[in-house]
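These are the residues of each chain, in order.
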Amino acid sequence: MCGICCVVNISNLQSALDNAVLGNLKKRGPNCSQEVTKAVAGFNYHCFFSGHVLHMRGLLTPQPLEDEKGNVFLWNGEVFGGLKVGSEENDAQVVFDHLSKCTSESEILSIFSAIQGPWAFIYFQADSHCLWFGRDFFGRRSLLWQFDDEEKSIMLTSVGALVIGTERGQWQEVPASAVYKIDLKACSLLDSLVLMTYPWKYPSSKLQKSDLTHELRLEQFSSCVSLTMNASGLFLTAPVVPLNIAIPACLPESKQTLCTQPSFEDLQPFLQSDKRKKVVHQLLDVLSEAVRRRIQYPPSKTVATCTSVNKANVAILFSGGIDSMILATLADRHIPVEHPIDLLNVAFQLKKPKKKVLTKNTKNCKTVFNAHPCQEEAKLGSTEAGDLECFNVPDRITGRAGLQELQDINPTRTWNFVEINVTLDELQEMRQKTISHLVYPLETVLDDSIGCAVWFASRGTGAALLNNEMKEYTSTAKVVLTGIGADEQLAGYSRHRVRYKMSGLEGLVNELGMELGRISSRNLGRDDRIIGDHGKEARFPFLDEEVVSFLSSLPVWEKADLTLPRGLGEKLLLRLAARELGLTASAVLPKRAMQFGSRIAKMENGNEKASDKCNRLQRV
């Protein structure tokens, strides 16, 4: 994870980097910062590059990187495949070395087409006076742009800052549908910025103009900026296979007789089919490898950072739901058993409920809670324990239950279940001070809820049971695994059931086809900015290229069966994988969105719609 920034102007004015933006960049890259300025005699353009490094692998390599030819490179990413990177090499340097040898546009595009892993980059090619930039196919790393009419400038940055009433243009996320090039020599003569696009394309598909601009809100561009398809018709090759859209004339009817609240035992009959079991183990193989890739090079411990207490290198955003449970179980396979794993579980303070008669459902919920008592309650007096009851949100309850399952699977592992409790006052303080700047330019109620929940969770500051005693604890893990991508590919959202009921399998296939296409603008850039603010790196195993290609190759009915009840039919393939890993109750937990499971959605205004503009984000 790094904070990268570039300011380019084609006027005589030199743009300054806002202090708030600079501060946010430094938090993303706390290990090393430096700047480079480029101004070529005879051409009326100036480039300012700012790099801030979070050291994750290989030798600490300051950015921006610059070579003897005058090329400059900024990289915020991880190479997990496609290019050979040795265990002691720095991937930014490896990518830059490849780019420096390129003599054509097609060679540059082939490099980025080959890379497996998340990335955003900015590359100044000195001999052609061109600036290249873009994001990976899924947009797993943030990159924003801002245009200024007066200065005829463009600013690119990993993270911006929300300033109410500014005269500058608004920040936007750079669409992940293409990589972009600016010919600075030509633009300085034209006195305007022309962005040439090089879109992603599946090898078997035909390039259509509509594919290039559907994410680009051109009306919000500055008047000095225009967009055009590259004249050579070149494109990047998509790193995954297209979605299988096959729909059978009819499907065999399920012979299972199931109740509306399934048990993990209901999964066993589905595994009696050798063909289905083979597919389940193929998924486990690619997903296990995706997790391994993301945890195999933990940051080297320096003398300054070593302590007597063995600290975790890897943390997981953990609700006890099926996605986070599978990630934890697979991480357990690849992390040496003497190393702890941090399970980050966030809860927002509940309002004191009015006394009411217990219904059957609330009695069941209470039974689950009593079966897995609060860690704090085990060590605190009754008064203090009573004060903590306001944090017994659904994700806390399922998180404790999930912890017990993991301890049963591997009792020799230290599982640090970090209980992160957030009060209303702290939420409002940190939203105004920090989180609103990171969520920006997104602005909905949903962005606010998830952004705040992920920020507090990934900060990792709470309490954990250490040596049989509850103590204050802050996770120092730089790698944070998240389950984003599972619901989008395996029909995990309630909207998928609605679409299936309305339009059948064809409607469901169309809905899943849209999910990955918009995930960069809905989730990933925001979450990268949020988690990166703590000097940590978000990693998304479910969005590994091999995992996505495998799931995309399967027909939809092998991934989900929405004729089955909640907790079973959605993400059926993943639930079967969970059973094969030895998971029990968590394998059939229904989907519960983070904003509801953590109860942040009920904390301030429970009557809002997720798509409403969130006024709380504008109060800075």
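What you are looking at is a predicted structure, and each value in this text was computed from that prediction instead of being measured. (Residues numbered from 1 in each chain as written. Predicted model: local features only at pLDDT ≥ 70, side-chain atom pairs only at ≥ 80, totals over all residues. Heavy atoms only, no water.)

Our focus in this paragraph is the overall build of the protein chain. Secondary structure summary: the protein chain contains 18 helices and 21 strands in total. Sorting the 620 residues of the protein chain into buried and exposed places 56% on the buried side. Expressed as a percentage of contacts within the protein chain between residues at least 6 apart in sequence, the contacts between residues at least 24 apart total 76%. Element-wise, carbon and sulfur atoms account for 51% of the exposed surface of the protein chain, whose accessible area totals about 26,400 Å². (Helix = DSSP H or I, 4+ residues; strand = E, 2+ residues; numbered from the N terminus. Buried < 20%, exposed > 50% of the residue type's maximum accessible area, 1.4 Å probe, protein only. Contact = heavy atoms within 4.5 Å. Areas by Shrake-Rupley, 256 points an atom, 1.4 Å probe, with all protein chains shown as cover.)

What follows covers helix 17 (residues 572–580). Most of helix 17 is tucked away: 8 of the 9 residues are buried. Along helix 17, the residues classified as buried are L572, L573, L574, R575, L576, A577, A578 and R579. At its buried positions, helix 17 is contacted by helix 6 (274–295), helix 7 (322–334), helix 14 (486–490) and helix 16 (545–553). Just downstream of helix 17, G582 is the residue with a positive phi angle, here 100°.

Let's shift gears to the nonpolar core. The biggest cluster of nonpolar side chains holds 56 residues, and the ones touching the most others in it are L17, F348, L427, I435, F456 and L543. For this core, the secondary structure elements donating two or more residues are strand 1 (2–9), helix 1 (19–28), strand 15 (314–317), strand 16 (341–348), strand 17 (415–422), helix 12 (424–439), helix 13 (445–459) and helix 15 (494–532). Examining the composition of this core, we find that 8 residues originate from one element, helix 13, more than from any other. Residue contacts for L427: discarding those within four places in its chain leaves F348, V422, C452, F456, I600, M603 and E604. (Core = buried A, V, L, I, M, F, W, Y, C linked by side-chain atoms within 4.5 Å.)

Cis geometry marks the peptide bond from Q63 to P64; its omega dihedral reads 5°. Relative to the assigned elements, P64 resides in the loop between strand 3 (46–53) and strand 4 (65–66). Backbone geometry places N468, a non-glycine residue, at a positive phi of 65°. The residue N468 is located in the loop between strand 18 (461–466) and strand 19 (469–474) in this model. Here N468 falls in the exposed class, since its relative accessible area comes to 53%. Backbone geometry places K571, a non-glycine residue, at a positive phi of 55°. Within the element layout of this structure, K571 appears in the loop between helix 16 and helix 17.

Residues V21, L22, N24, L25 and R28 constitute the buried set of helix 1. Relative to the axis of helix 1, the buried residues are bounded by an arc of 165° and lie together on one face. Sitting at the amino-terminal end of helix 1 is D18, which places a side-chain oxygen 2.8 Å from the backbone nitrogen of A20. (Arc of directions from axis to C-beta. Polar contact = N/O pair within 3.5 Å; in protein donor to acceptor, adjacent residues only side chain to side chain.)

Within the element layout of this structure, S586 appears in the loop between helix 17 and helix 18 (594–597). We classify S586 as buried; its relative accessible area is 1%. Those residues in contact with S586 that sit more than four places away from it in its chain are G320, I322, M325 and E405.

Next up on the list: the pattern of salt bridges. Evaluated as defined, the whole model comprises 40 salt bridges. Between D533 and K27 there is a salt bridge, with its nearest N and O atoms 3.1 Å apart. Residue D533 is found in the loop between helix 15 and strand 21 (537–539), and its partner K27 is found in helix 1; the two are separated by 506 residues along the sequence. What makes D533 buried here is its relative accessible area of 7%. With a closest N to O distance of 4.0 Å, K613 and E443 form a salt bridge. Remark: E443 occurs in the loop between helix 12 and helix 13 and K613 occurs in the segment after helix 18; sequence separation between them is 170 residues. Among the residues examined, E443 registers a relative accessible area of 35% and is labelled partly exposed. A cluster of three or more residues bridged by salt bridges with shared partners is formed by R28, R57, E78, D91, R141, D528, E537 and R539. (Salt bridge = Lys/Arg side-chain N within 4 Å of Asp/Glu carboxyl O.)

Here helix 6 crosses helix 16 at 160°, and the two axes come no closer than 8 Å. In terms of their interaxial angle, helix 6 and helix 16 are classed as roughly antiparallel. Crossing handedness for the pair helix 6 and helix 16: left-handed. Every residue of helix 16 that contacts helix 6 at V279, Q282, L283, V286, L287, A290 and R293 is listed here: E546, V547, F550 and L551. Considering only residue class, the contact of helix 6 with helix 16 consists of 8 nonpolar, 1 polar and 2 charged. (Axes fitted to C-alpha atoms, helices over the stretch in contact; angles between N-to-C directions. Parallel < 35°, antiparallel > 145°, perpendicular 65-115°, else oblique. Left-handed = near helix turned anticlockwise from the far one by under 90°. Nonpolar A, V, L, I, M, F, W, Y, C, P; charged D, E, K, R; others polar.)

Turning our eyes to something else, we now look at the environment of V480. Here V480 is to be found in strand 20 (residues 479–481). Among the residues examined, V480 registers a relative accessible area of 0% and is labelled buried. A sequence separation of 164 residues divides V480 from I316, and the C-alpha atoms of the two residues are 5.4 Å apart. If sequence neighbours within four positions are ignored, V480 has contacts with A315, L317, I531, K536, E537, A538 and R539.

Moving on, we get to the pairing of strand 15. The two faces of a sheet get side chains in turn, since along a regular strand they alternate between them. Going residue by residue along strand 15, you find V314 and I316 tucked away on one face and A315 and L317 tucked away on the opposite face as well. Examined bridge by bridge, strand 15 and strand 20 share 3 bridges and lie parallel to one another. Within strand 20, the position partnered with V314 by the bridge is V479. The sheet contact formed by strand 15 and strand 16 spans 3 bridges and is parallel. What sits directly across from L317, in strand 16, is L344. You can see the chain leave strand 15, run along helix 7 and come back into strand 16, and the turn it takes is right-handed. (Pairing = 2+ DSSP bridges. Right-handed = clockwise from strand over helix to strand, strands pointing away.)

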